[in-house]
Amino acid sequence: MGLMARTSGPETREKLIRAAEEAFAAQGVDGAQLRDVVALAGQSNPSAVQYHFGSRAGLLDAVMAGRQRRTEQVLDPLLAEAPDDLHALVEALVTAEASELRTERGRRCLRISAQLSHESGVRTRTPHPTLDGTVYWRLIERVEARLTGLPEPLRLERLDLALTVVGAAMADRARQYLDGTAPLTPEPLFLADLVETTTALLRASPPTVREELP
């Protein structure tokens, strides 16, 4: 009878992260059970997630931190060359996010991150810890600086909405790839249209709202 191979702490962490990506993408961030993550990772200790990450939230942060590192490698040079033009900045964002469509792992992470868009901190200008100090947050600040024609509350809401739209569109595309569903449009057209529609959303004139009569 052979001895069971032992894995190191970093190896176990990586297995748990990969298993969490699969479970969170398929069952939802709130719906996935940690015991399923542990089982997918091939771990026998039911407390493995708590031991390595402290909590479900800690595991989720680890998943998103890895996804953010991959995206930042693409975004960093794009942002360094992008002029302070709204269209160019949105194009850099969409191009970087689309890099996650290249792999099954990235597609799963796009499905997960779309569920967390409300936690980014854009509306309060307080970045989530996984976004603090990142190239992605610098991009957000540069985009906001171009929205000078809007009052601050509307500016922040619209920026948050634009990022949510991009995330939701990417997540849906990722779902189609994972499910083997044929998209309506080829990817270059999908990405180009996403850049145009997101830019148009951000550039829209502030609405004129009539005061309600008492």
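Only a predicted model underlies this, so the values are computations on that prediction, with no experimental measurement involved.

With that settled, consider empty space enclosed by the protein. If you walk through the whole model with that rule in mind, you get 2 cavities of 30 Å³ or more. Estimates place the volume of the largest cavity at around 430 Å³. Looking at the largest cavity, it is lined by 24 residues, and the ones nearest its centre are Ser 113, Leu 116, Ser 117, Leu 131 and Tyr 136. Of all elements in the fold, only helix 4 (56-81), helix 5 (86-98), helix 6 (104-114) and helix 8 (152-179) reach the threshold of two or more residues within the lining of the largest cavity. Taken together, the residues of the lining of the largest cavity break down into 11 nonpolar, 8 polar and 5 charged. Looking at the second largest cavity, its volume works out to about 60 Å³. In this structure, the second largest cavity is lined by Val 90, Leu 93, Leu 139, Ile 140, Val 143, Leu 159, Ala 162, Leu 163, Thr 198 and Leu 202. Elements represented by at least two residues in the lining of the second largest cavity include exactly helix 5, helix 7 (135-145), helix 8 and helix 9 (187-203).

Another aspect to go through is the pattern of salt bridges. As enumerated under the stated definition, the model contains 17 salt bridges in all. For Glu 97, the salt bridge goes to Arg 67, with nearest N and O atoms at 2.7 Å. Remark: Arg 67 occurs in helix 4 and Glu 97 occurs in helix 5; sequence separation between them is 30 residues. Neither Glu 97 nor Arg 67 differs from the other in exposure class; each is buried. Glu 100 is the salt-bridge partner of Arg 70, the closest N and O atoms lying 2.8 Å from each other. A residue pair is termed long-range when its members are at least 10 positions apart, and Arg 70 in helix 4 and Glu 100 in the loop between helix 5 and helix 6 qualify at 30 residues. Overall, the relative accessible area of 3% leaves Glu 100 in the buried class.

Basis of the calculations
- Residues numbered from 1 in each chain as written.
- Predicted model: local features only at pLDDT ≥ 70, side-chain atom pairs only at ≥ 80, totals over all residues.
- Heavy atoms only, no water.
- 1 Å grid on protein atoms, 1.4 Å probe; cavity = no way out; pocket = protein on both sides within 12 Å on 5 of 7 lines; lining within 4 Å.
- Points joined across faces, edges and corners; volume = space filled by probe spheres on them.
- Helix = DSSP H or I, 4+ residues; strand = E, 2+ residues; numbered from the N terminus.
- Nonpolar A, V, L, I, M, F, W, Y, C, P; charged D, E, K, R; others polar.
- Salt bridge = Lys/Arg side-chain N within 4 Å of Asp/Glu carboxyl O.
- Buried < 20%, exposed > 50% of the residue type's maximum accessible area, 1.4 Å probe, protein only.

Shape is all these values report; function is a separate question.
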